[in-house]
Amino acid sequence: MATIRDIARLTGYSVSTISRVINEHPYVDERKRAEILAVMKELDYIPNANARTLSYGETKNLGVILPYTNHPYFDQLISGITEAAFDSNYKVTLLPTNYQASREKEYLEEFAAKRFDGLIVTSRAHSLEKLKAYQKYGPIIFCEEIKDEKSSCVFIDREQSITEALKFLQKAGVKKLGVTLGRSSRLSFNSKITLQLCRKVYSNFEEEMVFWDCIGLEDGVKAGAFFNEHPVDGIFTNSDMVAAGILKTFPKGRAPKLVGRDNLYVSDLLNFPTIDHHLKQCGEMAFHLFLKRQPEQIKIPYEFIQR
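Procedures and definitions
- Residues numbered from 1 in each chain as written.
- Predicted model: local features only at pLDDT ≥ 70, side-chain atom pairs only at ≥ 80, totals over all residues.
- Heavy atoms only, no water.
- Pairing = 2+ DSSP bridges.
- Helix = DSSP H or I, 4+ residues; strand = E, 2+ residues; numbered from the N terminus.
- Contact = heavy atoms within 4.5 Å.
- Axes fitted to C-alpha atoms, helices over the stretch in contact; angles between N-to-C directions.
- Phe/Tyr/Trp six-rings, centres within 6.5 Å; stacked < 30°, edge-to-face > 60°.
- Buried < 20%, exposed > 50% of the residue type's maximum accessible area, 1.4 Å probe, protein only.
- Salt bridge = Lys/Arg side-chain N within 4 Å of Asp/Glu carboxyl O.
- 1 Å grid on protein atoms, 1.4 Å probe; cavity = no way out; pocket = protein on both sides within 12 Å on 5 of 7 lines; lining within 4 Å.
- Points joined across faces, edges and corners; volume = space filled by probe spheres on them.
- Nonpolar A, V, L, I, M, F, W, Y, C, P; charged D, E, K, R; others polar.

### Observations concerning the sheet that holds strand β8 (residues 234-236)
Adjacent strands of a sheet form backbone hydrogen bonds with each other and so pair up, either parallel or antiparallel.
Item 1. The strand order across the open sheet formed by 6 strands is β7-β6-β8-β9-β10-β12, and the pairing between neighbours is mixed. Across the chains shown, the open sheet's two edge strands, defined by having one partner strand only, are β7 (210-211) and β12 (303-305).
Item 2. Docked against the sheet, helix α9 (residues 189-201) engages β6 (177-180), β7, β8 and β9 (257-261), running at close to 175° with respect to β6.

Quick look at the structure:
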């Protein structure tokens, strides 16, 4: 395998000149550059990525910590991040954790070792304080509200959007409320605020009417079976796909009133209300905050879509 020294020997130029050509420095005579590139092509020389990273001081690689890669919520966030990153010539590495703290810790250590120029944390397994400790290694952007002027975050107004959805159900005549939520082993912020607001809006809300560990369509089918056995007249779901799965289990026209989240096409096709948190925009803004390298907190507006 050819090395920089081999190229220097064959061209007669110094190692430092070869290095400047490899790293695309502008101040190299064009005749020298052409000769060096020709020899590199002849030797099929491939620059060492780690060496180039050390030379530039950056990897042009952004890490995105997320629990799952098969969830509509995170799909939309990732879409916004990757499109913005592509426009700025950045690579994006997805770092799924399945909410395993040990896996998340491994990613944080890779960040500390300069494998990534920054991190976007879409959802986390560790405490906020644990992740903040890694800010000394580079920018970390959180996709949740962080009330700290030294931290950057992009967040959605969950409290207002959930309250509006619950009051919509209440106004529609829903007396007994069912709810679907994600992970049950450790309450996320989304789960905590949802339960808190359900108790606030519905004084008779029973936590036994929460069906946990809902992520996709199949989980929605399981939730539908649960609510067929434990009747409610309204369900606030955590995903449009979950809502679609629930509807699949009820005879046409017999399903409880539903509200979804994510504003996917399925909610339009099946004609149920949903919350659009503009997650793609959230992802785009998270990337731009990473580029900005200055702490800032940005709230993304939501839209409640009644049907």
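### A short note on the packing of aromatic side chains
Item 1. Counted by the stated rule, this structure contains 10 aromatic pairs.
Item 2. Relative to Tyr99, the ring of Tyr68 has its centre 5.8 Å away and its plane inclined at 85°; by these criteria the two rings are edge-to-face. Separated by 31 residues along the polypeptide, Tyr68 in the loop between β1 (61-66) and α5 (72-87) and Tyr99 in the loop between β2 (91-96) and α6 (101-112) bring together distant segments of the chain.
Item 3. Taking the relative accessible area as the measure of exposure, Tyr68 reaches 15% and is therefore buried.
Item 4. With centroids separated by 4.9 Å and ring planes inclined at 80°, the aromatic side chains of Tyr73 and Phe74 adopt a geometry described as edge-to-face. Both residues of the pair, Tyr73 and Phe74, belong to the buried class.

### Structural notes on the environment of Gly283
Item 1. The topology assignment puts Gly283 in helix α13 (residues 279-292).
Item 2. A relative accessible area of 0% places Gly283 in the buried class.
Item 3. For the pair Gly283 and Leu95, spaced 188 residues apart in sequence, the C-alpha separation works out to 15 Å.
Item 4. In this structure, Gly283 is in contact with Leu77, Gly80 and Ile81, ignoring residues within four places of it in sequence.

### Observations regarding the pattern of salt bridges
Item 1. On inspection of all chains with the given rule, the structure shows 13 salt bridges.
Item 2. A salt bridge links Lys132 to Asp148; the nearest nitrogen and oxygen atoms lie 2.9 Å apart. Residue Lys132 is located in helix α7 (residues 128-132), and its partner Asp148 is located in the loop between β4 (140-142) and β5 (152-156); the two are separated by 16 residues in the primary sequence.
Item 3. The residue Asp157 makes a salt bridge to Lys299 at a minimum N-O spacing of 3.8 Å. Residue Asp157 is found in the loop between β5 and α8 (158-171), and its partner Lys299 is found in strand β11 (residues 297-300); the two are separated by 142 residues along the sequence.

### Observations concerning the layout of surface pockets
Item 1. Empty space within the largest pocket amounts to approximately 870 Å³.
Item 2. Taken together, 34 residues make up the lining of the largest pocket; nearest its centre are Arg158, Ser188, Phe189, Asn190 and Ser191.
Item 3. Per-element accounting of the lining of the largest pocket gives the leading share, 5 residues, to α9.
Item 4. The residue makeup of the lining of the largest pocket, split by class, is 12 nonpolar, 9 polar and 13 charged.

### As for unusual backbone geometry
Item 1. Here Asn263, not a glycine, exhibits a phi torsion of approximately 55°, which is positive.
Item 2. Residue placement: Asn263 occurs in the loop between β9 and α12 (265-269).
Item 3. In this structure Asn263 comes out as partly exposed when scored by relative accessible area, which is 26%.
Item 4. At Arg293, a residue that is not glycine, the phi angle is positive and equals roughly 60°.
Item 5. Relative to the assigned elements, Arg293 resides in the loop between α13 and β11.

### Some words on the side chain of Thr180
Item 1. Residue placement: Thr180 occurs in strand β6.
Item 2. Residue classification places Thr180 among the buried residues on the basis of a relative accessible area of 0%.
Item 3. In contact with Thr180, other than residues within four places in its own chain, are Phe211, Cys214, Ala223, Phe227, Ile235, Phe236, Thr237, Asn238, Val242 and Ile246.

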